[in-house]
Amino acid sequence: NAGVTQTPKFQVLKTGQSMTLQCAQDMNHNSMYWYRQDPGMGLRLIYYSASEGTTDKGEVPNGYNVSRLNKREFSLRLESAAPSQTSVYFCASSRGTITSTDTQYFGPGTRLTVL
Amino acid sequence: SQQGEEDPQALSIQEGENATMNCSYKTSINNLQWYRQNSGRGLVHLILIRSNEREKHSGRLRVTLDTSKKSSSLLITASRAADTASYFCATDSGGSYIPTFGRGTSLIVHP
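Structural notes, computed from the coordinates. Computed from a predicted model, the values in this text were never measured in an experiment.

1. Remarks on the interface of chain A and chain B
Taken residue by residue, the interface counts 22 residues in chain A and 21 residues in chain B. Taken together, the two surfaces of chain A and chain B that pack against each other cover about 1600 Å², and 56% of this comes from carbon and sulfur. In terms of surface lost to chain B, no three residues of chain A exceed Leu43, Thr101 and Phe106 of chain A, which account for 32% of the buried area on that side. Put simply, chain A and chain B have zero salt bridges between them. At the junction of chain A with chain B, the criterion picks out five residue pairs in polar contact (both at pLDDT 80 or more).

2. As for the sheet that holds strand E3 (residues 19–25) of chain B
All names here are of chain B. Read from one edge to the other, the open sheet built from five strands follows the order E1-E3-E8-E7-E6, with strand pairing classed as antiparallel. In this open sheet, the two edge strands, each paired with only one partner strand, are strand E1 (4–7) and strand E6 (55–58). Direction aside, neighbouring strands of the sheet carry axes that sit 15° apart on average. Sheet topology places E6 next to strand E7 (residues 61–66); four bridges connect them, and they run antiparallel. Bridge assignment links Lys56 to a residue of E7, and that residue is Val63.

3. Quick look at the packing of aromatic side chains
Counted according to the given criterion, the structure contains eight aromatic pairs over all chains. The interplanar angle of 65° and the centroid separation of 5.9 Å between the aromatic rings of Tyr64 of chain A and Tyr89 of chain A together place this pair among those described as edge-to-face. Remark: Tyr89 of chain A occurs in strand E9 (residues 87–94) and Tyr64 of chain A occurs in strand E7 (residues 64–68); sequence separation between them is 25 residues. You can call Tyr64 of chain A buried: its relative accessible area is 4%. Note on Tyr89 of chain A: relative accessible area 0%, which makes it buried. Ring centres 5.9 Å apart and planes at 85° place the aromatic pair Phe106 of chain A and Tyr35 of chain B in the edge-to-face group. Of this pair, Phe106 of chain A sits in strand E10 (residues 105–106) while Tyr35 of chain B sits in strand E4 (residues 31–37), which puts the two residues in different chains. With respect to class, Phe106 of chain A is no different from Tyr35 of chain B; both count as buried.

4. Regarding the nonpolar core
Judged by nonpolar contacts, the single largest core of 21 residues is most densely connected at Leu32, Trp34, Leu74, Ile76, Tyr87 and Leu107 of chain B. At the level of secondary structure, the elements contributing two or more residues to this core comprise E3, E4, strand E5 (43–50), E7, strand E8 (71–76), strand E9 (85–93) and strand E11 (105–110) of chain B. For this core, the leading source of residues is E3 of chain B, giving four residues. In contact with Leu32 of chain B, not counting residues within four places along its chain, are Cys23, Tyr25, Ile47, Leu48, Ile49, Leu65, Ser72, Cys89, Ala90 and Thr91 of chain B. Judged by nonpolar contacts, the second largest core, of 20 residues, contains Val4, Cys23, Ile46 and Val60 of chain A.

5. What to know about the pattern of salt bridges
Residue and element names in this part refer to chain A. Under the criterion given, the structure shown has seven salt bridges over all chains. The partner of Asp38 in a salt bridge is Arg36, and the shortest N-O contact between them spans 3.0 Å. Of the residues examined, Asp38 reaches a relative accessible area of 11% and is grouped as buried. Between Arg77 and Glu79 there is a salt bridge, with the nearest N and O atoms lying 3.2 Å from each other.

6. Quick look at unusual backbone geometry
Put simply, Thr7 of chain A and Pro8 of chain A share a cis peptide bond, and its omega is -5°. With respect to the helices and strands, the residue Pro8 of chain A is situated in the loop between strand E1 (4–7) and strand E2 (10–13). With an omega dihedral of 0°, the bond running from Asp7 of chain B to Pro8 of chain B counts as a cis peptide bond. On the secondary structure map, Pro8 of chain B appears in the loop between E1 and strand E2 (10–14). With a phi angle near 60°, Asn28 of chain A is a residue other than glycine that sits in the positive phi range. Counting through the fold element by element, Asn28 of chain A comes out in the loop between strand E3 (19–25) and strand E4 (31–38). In the Ramachandran plot, Lys70 of chain B falls in the positive-phi region, its phi being about 55° despite a non-glycine side chain. Residue position: Lys70 of chain B is located in the loop between E7 and E8.

7. Describing the pairing of E1 of chain A
Residue and element names in this part refer to chain A. A one-sided burial pattern is seen for E1, the buried positions being Val4 and Gln6 and the unburied ones Thr5 and Thr7. As judged from the four bridges shared by E1 and E3, these two strands associate in the antiparallel manner. Opposite Val4, over in E3, you have Gln25 as the bridge partner.

Rules used throughout
- Residues numbered from 1 in each chain as written.
- Chains lettered and ligands numbered in written order.
- Predicted model: local features only at pLDDT ≥ 70, side-chain atom pairs only at ≥ 80, totals over all residues.
- Heavy atoms only, no water.
- Contact = heavy atoms within 4.5 Å.
- Buried area = accessible area lost by both parts, 1.4 Å probe.
- Salt bridge = Lys/Arg side-chain N within 4 Å of Asp/Glu carboxyl O.
- Polar contact = N/O pair within 3.5 Å; in protein donor to acceptor, adjacent residues only side chain to side chain.
- Pairing = 2+ DSSP bridges.
- Helix = DSSP H or I, 4+ residues; strand = E, 2+ residues; numbered from the N terminus.
- Axes fitted to C-alpha atoms, helices over the stretch in contact; angles between N-to-C directions.
- Phe/Tyr/Trp six-rings, centres within 6.5 Å; stacked < 30°, edge-to-face > 60°.
- Buried < 20%, exposed > 50% of the residue type's maximum accessible area, 1.4 Å probe, protein only.
- Core = buried A, V, L, I, M, F, W, Y, C linked by side-chain atoms within 4.5 Å.

Structure follows, in structure tokens:
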């Protein structure tokens, strides 16, 4: 099992460019999440999906959109990148549908720089 | 916003010593988890302690939870260089079971 995979690993964008971060899990998990990690800020939740076909905003959703393409895949899109979106982005998944505390499994991260 | 706050922010010890990290939180929780993050990697789950539990062990890890003080501690005994990582506490509370992560403690274990 690969667990949670993310592509790309690194990306440099210019301000105003768009891109999509891809995430896939092979554990048949119901819930998936996107976080960003900034120095000194810990992890902040951008969007999450409690089940296939549903998505909800987290703490910092502005400037992002998501798609739960199917049970395996959850993508994060930046429509018009800004320097403030320079960060490390982590995708995670968990078995349940967020109706109880659950272990999260994280991908290796995407390091994004916006110039 | 962070619910849990880890203390200290950074900890440097010698191999073989014990490492203790603390997590304090503001509101009553359902459960608390600890995660580890090696440099340049994703987070890895270490242990979950439920709000009605006071202590839990897993290998060299010992976690305590004091709900009256709204705090938890993670003890790593007989530390190894491979324990060098950042450690995060994560709490969920009320009707939300999505964990909120603290800023983490950076642990360096010198060989």
